[in-house]
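Summary of structural features
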Amino acid sequence: MTLSRYLPRISACAVCCALMSVMSAPYASKGSVSLGISTRLVFHSDEKRVSFPALNDTDKPLLFHGQVLTRDKLRFSPNFIVTPEVVHLQPGERKLAQVVQLNSQLPEDRESLFYLRGHFIPAAAESESGAGIGLSTSYVLTMKMFYRPAKLKDDYDAIDDVTHELDFKLNEKTLKVINKSAYFLTLNSLRSEKAEIPVPNEVSMIDPFGHVEIPLADPDIRSITWTLLNDGGFATKPLTQDL
């Protein structure tokens, strides 16, 4: 069963119109569609497959097709596939799909990052003559997927337990944030004793054993308080470090 079997025969013009109607977002609210139950999916290395929900909360039937992408989002990952290839979702229906591990040729001393992408495509009908009736709005949702090796703690509160493994250093007009853990750590909030410190999205996630630098409008600060996003997408308890 392939996705192409369910797509109607449409003209090049109709294809262009369909592409223009695609909606892309990290998540969708009620009245639309949703992927997963959090902002991220954790794949533990000792599991061969992990389930996640796909929800059609629209008033039209949809087809769901999932993909696992590499970190740059430019290629399909050779390590995982999503099954079933096509999931039929009636209005208001929620079904489970699975990410299946194909091979484990990944680092075992730290997490690896992938992206789970879900395509929600109108289940287009065909007329008696066989001509396509047309397409309505499609949705593309993307969420982070972390591959977590067996050597790392796999409890729900794993990130909560390593919040303290961030280290902060002042470097002229920037704040260097060092991740001493084997996990990807995502900053949820950051503030000095004076005010909130804006964190650019491109540096909000720190690689395992890596670091980022955040520009400071006011480098004359003495302490940093931070929270992270845990596996459930919730904020960890705030911690403070003197500089």
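Refer to the structure above for everything that follows.
Described below are features of the structure shown in this document. Given the structure is predicted, the values throughout are model-derived calculations rather than measurements.

The next thing to look at is the pattern of salt bridges. In total, this model carries 9 salt bridges according to the counting rule given. For Glu93, the salt bridge goes to Lys95, with nearest N and O atoms at 3.8 Å. A relative accessible area of 25% means that Glu93 is categorised as partly exposed. By relative accessible area, which is 31% here, Lys95 ends up partly exposed. We note a salt bridge from Asp231 to Arg148, for which the minimum N-O separation is 2.9 Å. Placement of Asp231 in the loop between strand 16 (223–228) and strand 17 (239–242) and of Arg148 in strand 10 (residues 139–148) is noted, with a sequence separation of 83 residues between them. Grouping residues by exposure puts Asp231 and Arg148 together as buried. Sharing partners across several salt bridges, the network here consists of Glu111, Arg148 and Asp231.

Moving on, we get to the environment of Pro84. Residue placement: Pro84 occurs in the loop between strand 6 (80–83) and strand 7 (87–89). Of the residues examined, Pro84 reaches a relative accessible area of 39% and is grouped as partly exposed. Residues Pro84 and Leu96, spaced 12 residues apart in sequence, show a C-alpha to C-alpha distance of 9.2 Å.

What follows deals with the sheet that holds strand 14 (residues 205–206). Spatially, the 4 strands line up as an open sheet ordered 14-13-16-17, and their pairing is antiparallel. One side of each edge strand has no neighbouring strand; the edge strands of this open sheet are strand 14 and strand 17. Where strand 16 meets strand 17, 4 bridges bridge the pair, whose relative direction is antiparallel. Opposite Thr225, over in strand 17, you have Thr240 as the bridge partner.

We now examine the nonpolar core. Nonpolar side chains in soluble globular proteins tend to be buried together. Counting residues in each nonpolar core, the largest one holds 25 residues, and the members touching the most others are Phe52, Phe64, Phe80, Val99, Leu116 and Phe120. The element that contributes the greatest number of residues to this core is strand 10, accounting for 5 residues. The contact partners of Phe52, leaving out residues within four places of it in the chain, are Leu35, Leu41, Phe64, Val82, Lys95, Leu96, Ala97, Gln98, Val99 and Leu116.

Conventions used here
- Think of each chain on its own: its residues are numbered from 1, step by step along the sequence as written.
- Reporting in this predicted model follows two pLDDT cut-offs: at least 70 for local features of residues, and 80 or more for side-chain atom pairs to be given and counted; totals over whole chains, interfaces and linings ignore these cut-offs and use all residues.
- Here the side-chain values reflect all heavy atoms present in the structure, with hydrogen atoms and water set aside.
- A pairing counts as a salt bridge when a side-chain nitrogen of Lys or Arg comes within 4 Å of a carboxyl oxygen of Asp or Glu.
- Each residue gets one of three labels from its accessible area relative to the maximum for its type: buried under 20%, exposed over 50%, partly exposed in between, using a 1.4 Å probe on protein chains only.
- By definition, any uninterrupted DSSP run of H or I lasting at least four residues is a helix, any uninterrupted run of E lasting at least two residues is a strand, and each is numbered from the N terminus.
- For two strands to count as paired, DSSP must find a minimum of two bridges between them.
- Note on terminology: a nonpolar core comprises buried Ala, Val, Leu, Ile, Met, Phe, Trp, Tyr and Cys residues joined through side-chain atoms within 4.5 Å.
- We call two residues in contact when some of their heavy atoms are within 4.5 Å.

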